[in-house]
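Take a look at the letters that make up each chain.
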Amino acid sequence: MTEPTFRTIIEPFRIHSVEPLRMTTREQRRTAVTDAGYNLFKVKAQDVLIDLLTDSGTGAMSRDQWAAIQHGDESYAGSPSYFLFRDAVRNLFPFEHVIPTHQGRAAERIIFSVLAGPGKVVPNNTHFDTTRANVEYTGAQAVDLVIAEGRDPVADHPFKGNMDIDALDALLRERGDDVPVVFMTITNNSGGGQPVSLANLHAVREVCDAHSKMLFLDACRFAENAWFIREREAGQGERDVVDIIREMASLADGMTMSAKKDPMGNIGGWLAMDDDELAQQCRNLLILTEGFPTYGGLAGRDLEALAQGLREVVDHDYLRYRIRSTAYLGDALQRAGVPVLTPVGGHAVYLDARALLPHIPPLEYPGQALAVALYEAGGVRSCEIGSVMFGRQPDGSEVPAALELVRLAIPRRTYTQSHIDYVIEVCEHVARGAEALTGYRLVDEPPALRHFTATFEPIT
Ligand SMILES: Cc1ncc(COP(=O)(O)O)c(C=O)c1O
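Notes on the structure in this doc start here.

The strand order 2-8-7-6-5 describes an open sheet built from 5 strands, whose pairing is mixed. Edge positions in the sheet fall to strand 2 (97–101) and strand 5 (181–185), since each has one partner strand and no second. Sheet twist, expressed as the mean angle between neighbouring strand axes with direction ignored, is 15°.

Next comes the structure, spelled out in structure tokens:
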């Protein structure tokens, strides 16, 4: 019998416990954002109606994850919760060593402390902000080598997260001795949540082999990436995502992970690899700041929740809903004439602030202007991914970012379609008044990762 098809994307879960949202007035939001120095990271969460600042750690855990928490064993060493976690990781990423960390950036700090340093160069399709910062903090250079389409907000390409293979090869020919490891971010968060194809990963592996280099995955959104491969890459449509994930893992020598994304955790991360000597060096650093190797920076209960999350995230019904519901937001905005980065990514829709606000120069931060306007108009919190995040260079100069984006990140299993319909209306409202928006100037900023704590004032 043929299965009838229906248009509506339904959430493949029902709500089990609820959290209230607080309604605010425009006046209250204006006060909140002014008091926060126009930095949305500094706005209190209770002053936000729909929080799309990040998909990191903000998703809803399942009934079974909360139940797993009760099994948490808090033994300092050798907790059974660690072995359950390790085996759940290895089921997808069969690396010899699995080292838990409190979140992804801790894994980054450890691996780059061991491998990078002054004079070194780390290529990536696009470094995420914390990845770049952790590379640069060691004195090394972080180089982004995404394909040209990945830098063009409207280029139509199914895998805009792909690495430019020729550019990688050229870098390794020129500066091979300085490159300790090649990274691939799947999906490519800073480039719009765009996937990387299996073919590209194979090609990167070949180049790495030709130059005897290690390949590491920054694999936060591995399941979303695998789903895109299943949907878009020739010959992959019948495969189980678990199979695809294992193939991606088989091409790498190791990985860093923020378990606050696809593993569905509120906290967590890990570092994994095959090399014994490298793992030993990483564990030595882990013990300095994160904790004993069977818990990293995590409680046993967190490890249990992550093990269960890893089982849930590879469910096809979940992934189909996840990718289609993100596309629902992006498609509606496109129909309304709001410029968005296309194709729409997996975990977020990225508004193209440069296209919407051409009258605001890059170093007056059009993305910041748009993000503040969305908050003021409707209490929607988003995140600037543009010159505020990436403009400051290690030598102190300021250079416009390749793209001026505002990310509407969708926490996993948290908001319903009517919440998203409301977000669409808020975006349409702000886009209609775009010409009246003005830019911002920085009032103060910290030396690194300035977007988290900098303060701004409007240019009037
Ligand atoms: C691609 C990517 N890498 C690394 C990280 C850092 O992870 P965490 O926030 O857990 O430190 C993130 C977080 O957003 C990310 O998206």
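What follows picks up the thread again.
For strand 12 (residues 405–409), the buried fraction is high: 5 of the 5 residues fall into the buried class. Side chains of strand 12 alternate between two faces, with Leu405, Arg407 and Ala409 and Val406 and Leu408 buried alike. The pairing of strand 9 (residues 348–352) with strand 12 spans 5 bridges and is antiparallel. The partner of Tyr350 across the bridge, within strand 12, is Arg407. In terms of strand pairing, strand 11 (residues 383–385) meets strand 12 through 3 bridges, oriented antiparallel.

Relative to the elements of secondary structure, Arg450 occurs in the loop between strand 13 (440–444) and strand 14 (455–458). On the basis of relative accessible area, Arg450 is assigned to the buried category, the value being 4%. Engagement of the side chain of Arg450 in a polar contact is seen with the backbone oxygen of Ser387, the distance being 2.7 Å. Among the polar contacts listed, one links the side chain of Arg450 to the side chain of Glu398, at a separation of 2.8 Å. Apart from residues no more than four positions distant in its own chain, Arg450 is found in contact with Tyr365, Ser387, Val388, Gly391, Arg392, Glu398, Leu442 and Glu445.

By the element assignment, Arg407 lies in strand 12. Despite its burial, Arg407 pairs with no opposite charge; the closest candidate is Asp55, at 4.8 Å N-O. For Arg407, the side chain forms a polar contact with the side chain of Asn189, separated by 3.1 Å. Beyond its immediate chain neighbours, meaning those up to four positions away, Arg407 contacts Leu52, Leu53, Thr54, Phe128, Asn189, His347, Ala348, Val349, Tyr350, Ser382, Cys383 and Ile385.

Two modes of strand pairing occur in sheets, parallel and antiparallel, and in both the strands are linked by backbone hydrogen bonds. Taken together, 3 strands build an open sheet; the order of strands is 9-12-11 and the sheet is antiparallel. Edge positions in the open sheet fall to strand 9 and strand 11, since each of these has one partner strand only. Direction aside, the axes of adjacent strands within the sheet are offset by 35° on average. On top of the sheet, helix 14 (residues 366–378) reaches strand 9, strand 11 and strand 12; it is set at about 40° to strand 12, its chief contact.

Listing the buried residues of helix 1 (residues 26–35) in full gives Arg29, Ala32 and Val33. When helix 1 is viewed along its axis, its buried side chains cluster within an angular range of 90° and face the same direction. Helix 1 presents Glu27 and Asp35 as exposed residues on the side facing more than 90 degrees away from its buried surface. Gly37 sits one or two positions beyond helix 1 and adopts a positive phi of about 65°.

Residues Glu96, Asp274, Asp275, Asp276 and Glu277 make up a contiguous surface patch of negative charge. Examined against the element boundaries, Glu96 turns out to sit in the loop between helix 3 (80–92) and strand 2. Taking the relative accessible area as the measure of exposure, Glu96 reaches 46% and is therefore partly exposed.

Here is what the cut-offs are and how they apply
- Residues numbered from 1 in each chain as written.
- Predicted model: local features only at pLDDT ≥ 70, side-chain atom pairs only at ≥ 80, totals over all residues.
- Heavy atoms only, no water.
- Pairing = 2+ DSSP bridges.
- Helix = DSSP H or I, 4+ residues; strand = E, 2+ residues; numbered from the N terminus.
- Axes fitted to C-alpha atoms, helices over the stretch in contact; angles between N-to-C directions.
- Buried < 20%, exposed > 50% of the residue type's maximum accessible area, 1.4 Å probe, protein only.
- Polar contact = N/O pair within 3.5 Å; in protein donor to acceptor, adjacent residues only side chain to side chain.
- Contact = heavy atoms within 4.5 Å.
- Lys, Arg positive; Asp, Glu negative; His and termini not counted.
- Salt bridge = Lys/Arg side-chain N within 4 Å of Asp/Glu carboxyl O.
- Arc of directions from axis to C-beta.
- Patch = residues over 30% accessible without salt bridge, like charges linked within 9 Å, V, L, I, M, F, W, Y side chains within 5 Å.
- Areas by Shrake-Rupley, 256 points an atom, 1.4 Å probe, with all protein chains shown as cover.
- Charge placed at Lys NZ, Arg CZ, Asp CG, Glu CD.

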